[in-house]
Amino acid sequence: MHHRGSNRRTSLRGAAAVAVGVLLLSACGRGGGGEAAPSPSRPSHISCAQRGEVAGSGSTAQQNAMEYWLREYQSACPGVQLRYNPIGSGGGVAQFLRGATHFGGSDTPLSQDDVEFSRRTCPGSRAIDLPMVGGPVAIAYNVEGVDSLVLDAPTLARIFDSRITMWNDPEIQRLNPGARLPETGISAVHRSDNSGTTQNFNAYLADAAPQQWPYEKVKAWQARGGHAAPGSDGVVSTVSGQNGSIGYFELSFAKAEGLPTVKLDTGAPEPVTVSARSASAGIAAARVADGGQDLTLEFDYRTRAPGAYPIVLVTYEIVCADGNPADVLPALKSFLTYTASEKVQAGLARIHYAPLPEKVASRVRHVVSTLS
């Protein structure tokens, strides 16, 4: 087993000291750092390490899922501390690569440059992507008097590129025959920070509306005009507070705020409503790229399958395949095994996330068992 250098441990202590908005997690047991079998009073899908401190940061898309995971894990396991700071995918990857955390949360897999850089962070090894939680990227809106709205990819591309600027535009009216659309200006809200949610939305528009969306599939927003806000929370707050606005964020945020969401005309017989079920149908069509321990998913954003919502993302937990500190490894493996368990994945639908297909989740659990 390889061990991290002292400068990595120093940066971890500094990150823990200055982290804001972190979520604290305790795991069970006393004594050494090994893993323990579940006790009779503990749920069978939770097997705690005896001790350890694990730091993570990144995706805001998984923020609500992480809070759910923390509550259940904490109730069963009172002794290891795990910290997760939802600072966005870009920040999470950057912190992991500079050795400030033990895992990063990202809504997109590592780039090839990131993988090469990670060889410095993971001595003798590299970082890998483990899909952990799926979710639909909802398009939510706040337009007075409009309770139901259908849009398609080309129209969304024009809206978010400031080429359709009024809600009563003929293109929107065409998709909503009989609707009374107001003569109200459109305020399209996007993320100001580097975001995996943005990258997935860019990927959807680039694949499903290539003539209308000439921008790259990257984490930074590139389109013209609109309004910017930090994090999913910021976009939700802006859309909620401004009539005529529209924005993109995870379904759980839209549900929590009570915002109506766009139905997508994908070419299927009926427009597709965003839900955990329709997102799961979209994720089920994804292909696992051939990357050994790395489990990157490739999506079909142009699917026309009935009931399949195409704007989906999967948040990856980024970890070292090898070279994890000995005092961290048992707790890290315990927590990731728990989050990928069949019972926990099934429970995600209750909070508006899409469970991983079991064929993917089982592969994640296997890879986690090989971490060293």
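These numbers come from a predicted model, not from an experiment. (Residues numbered from 1 in each chain as written. Predicted model: local features only at pLDDT ≥ 70, side-chain atom pairs only at ≥ 80, totals over all residues. Heavy atoms only, no water.)

Draft legend 1. Region of interest: the overall build of the protein chain. What the protein chain contains, in helices and strands, is 13 helices and 13 strands. Within the span of the protein chain, comprising 372 residues, buried residues form 56% of the whole. Nonlocal contacts in the protein chain, meaning residues at least 24 apart in sequence, comprise 75% of its contacts between residues at least 6 apart. Accessible surface for the protein chain amounts to roughly 15000 Å². Of this, 49% is attributable to carbon and sulfur atoms. (Helix = DSSP H or I, 4+ residues; strand = E, 2+ residues; numbered from the N terminus. Buried < 20%, exposed > 50% of the residue type's maximum accessible area, 1.4 Å probe, protein only. Contact = heavy atoms within 4.5 Å. Areas by Shrake-Rupley, 256 points an atom, 1.4 Å probe, with all protein chains shown as cover.)

Draft legend 2. Inspection of the state of the cysteines at higher detail. In the structure shown here, the tally under the stated rule is 1 disulfide. Disulfide partner of Cys122: Cys320, at an S-S distance of 2.0 Å. Where Cys122 bonds to Cys320 through sulfur, the torsion about that S-S bond is close to -75°, and the disulfide is left-handed. With Cys122 in the loop between α4 (112-121) and β5 (127-142) and Cys320 in strand β13 (residues 312-320), the pair connects residues that are 198 residues apart, well separated along the chain. Of the two residues, Cys122 and Cys320, both sit in the buried class. (Disulfide = S-S within 2.5 Å.)

Draft legend 3. Representation of the layout of surface pockets. Looking at the largest pocket, its volume works out to about 340 Å³. Around the largest pocket, the lining is made up of 19 residues, and of these Thr108, Pro109, Ala203, Leu297 and Tyr301 lie nearest the centre. When residues of the lining of the largest pocket are traced back to their parent elements, those giving at least two are α7 (196-208), β12 (297-298) and β13. Here the element with the most residues in the lining of the largest pocket is α7; it accounts for 4 residues. Of the residues assigned to the lining of the largest pocket, the class counts are 8 nonpolar, 5 polar and 6 charged. (1 Å grid on protein atoms, 1.4 Å probe; cavity = no way out; pocket = protein on both sides within 12 Å on 5 of 7 lines; lining within 4 Å. Points joined across faces, edges and corners; volume = space filled by probe spheres on them. Nonpolar A, V, L, I, M, F, W, Y, C, P; charged D, E, K, R; others polar.)

Draft legend 4. Representation of α4 within the structure. Val115, Ser118 and Thr121 are the residues of α4 that are buried. Buried residues of α4, seen end-on, are gathered within an arc of 95° and therefore sit on one face of the element. Summarising the geometry of α4, the exposed residues directed more than 90 degrees from the buried face are Gln112, Asp113 and Arg120. (Arc of directions from axis to C-beta.)

Draft legend 5. Region of the structure containing the pairing of strand β3 (residues 81-85). Most of β3 sits inside the fold, with 4 of its 5 residues counted as buried. Judged from the 5 bridges that link them, strand β2 (residues 53-58) and β3 form a sheet pairing that is parallel. When the bridges of β3 are listed, Ser57 appears paired with Asn85. After leaving β2, the chain enters helix α2 (residues 63-76) and then returns to the sheet as β3, a path that is right-handed. (Pairing = 2+ DSSP bridges. Right-handed = clockwise from strand over helix to strand, strands pointing away.)

Draft legend 6. Here's a closer look at the packing of α2 against helix α11 (residues 329-339). For the pair α2 and α11, the least separation of the axes is 11 Å and the interaxial angle reads 110°. Classified by the interaxial angle, the pair formed by α2 and α11 is roughly perpendicular. Read as a crossing pair, α2 and α11 show a hand that is right-handed. Here Met66, Tyr68, Trp69, Leu70, Glu72 and Tyr73 of α2 lie close against α11, whose contacting residues are Ser334, Phe335, Tyr338 and Thr339. Partitioned by chemical class, the residues of the contact of α2 with α11 number 7 nonpolar, 2 polar and 1 charged. (Axes fitted to C-alpha atoms, helices over the stretch in contact; angles between N-to-C directions. Parallel < 35°, antiparallel > 145°, perpendicular 65-115°, else oblique. Left-handed = near helix turned anticlockwise from the far one by under 90°.)

Draft legend 7. Summary view of the environment of Ala305. By the secondary structure assignment, Ala305 is in the loop between β12 and β13. In this structure Ala305 comes out as partly exposed when scored by relative accessible area, which is 33%. For the pair Ala305 and Ala268, spaced 37 residues apart in sequence, the C-alpha to C-alpha distance is 6.0 Å.

Draft legend 8. Focus on the nonpolar core. Ranked by internal contacts, the top residues of the largest apolar core, which has 93 residues, are Trp69, Phe160 and Ile246. The biggest single contributor to this core is β5, with 8 residues. Apart from the residues lying within four places of it in its own chain, the contact partners of Trp69 are Gln62, Met132, Val133, Glu317, Phe335, Tyr338, Thr339, Val344 and Leu348. Formed by 10 residues, the second largest nonpolar core is a distinct cluster that contains Val189, Val235, Phe253 and Leu259. (Core = buried A, V, L, I, M, F, W, Y, C linked by side-chain atoms within 4.5 Å.)

Draft legend 9. Main features of unusual backbone geometry. Here the phi dihedral of Ser162 falls at roughly 60°; this positive angle occurs in a residue that is not glycine. Mapped onto the elements of the fold, Ser162 is located in the loop between α5 (153-160) and α6 (170-175). Overall, Ser162 belongs to the partly exposed group, its relative accessible area being 34%. Although it is not a glycine, His352 adopts a positive phi angle of roughly 70°. Its location among the elements puts His352 in the loop between α12 (342-347) and α13 (358-370).

Draft legend 10. Quick look at the pairing of strand β7 (residues 187-191). By the criterion of burial, β7 is predominantly enclosed, with 5 of the 5 residues buried. In terms of strand pairing, β7 meets strand β9 (residues 245-250) through 3 bridges, oriented parallel. Residue Ser187 lies in a different strand from β9, and its bridge partner there is Ser245. Here β7 runs beside strand β8 (residues 227-229); their pairing, made up of 3 bridges, is parallel. Across the sheet, Val189 pairs through a bridge with His227, a residue of β8.

Draft legend 11. Molecular detail of the pattern of salt bridges. Tallying each qualifying case throughout the model produces 12 salt bridges. Among the salt bridges present, the one from Arg158 reaches Glu171, with a minimum N-O distance of 4.0 Å. Here the residue Arg158 occupies a position in helix α5, and Glu171 occupies one in helix α6, the gap between them amounting to 13 residues. Take Arg158: its relative accessible area is 24%, and that puts it in the partly exposed class. (Salt bridge = Lys/Arg side-chain N within 4 Å of Asp/Glu carboxyl O.)

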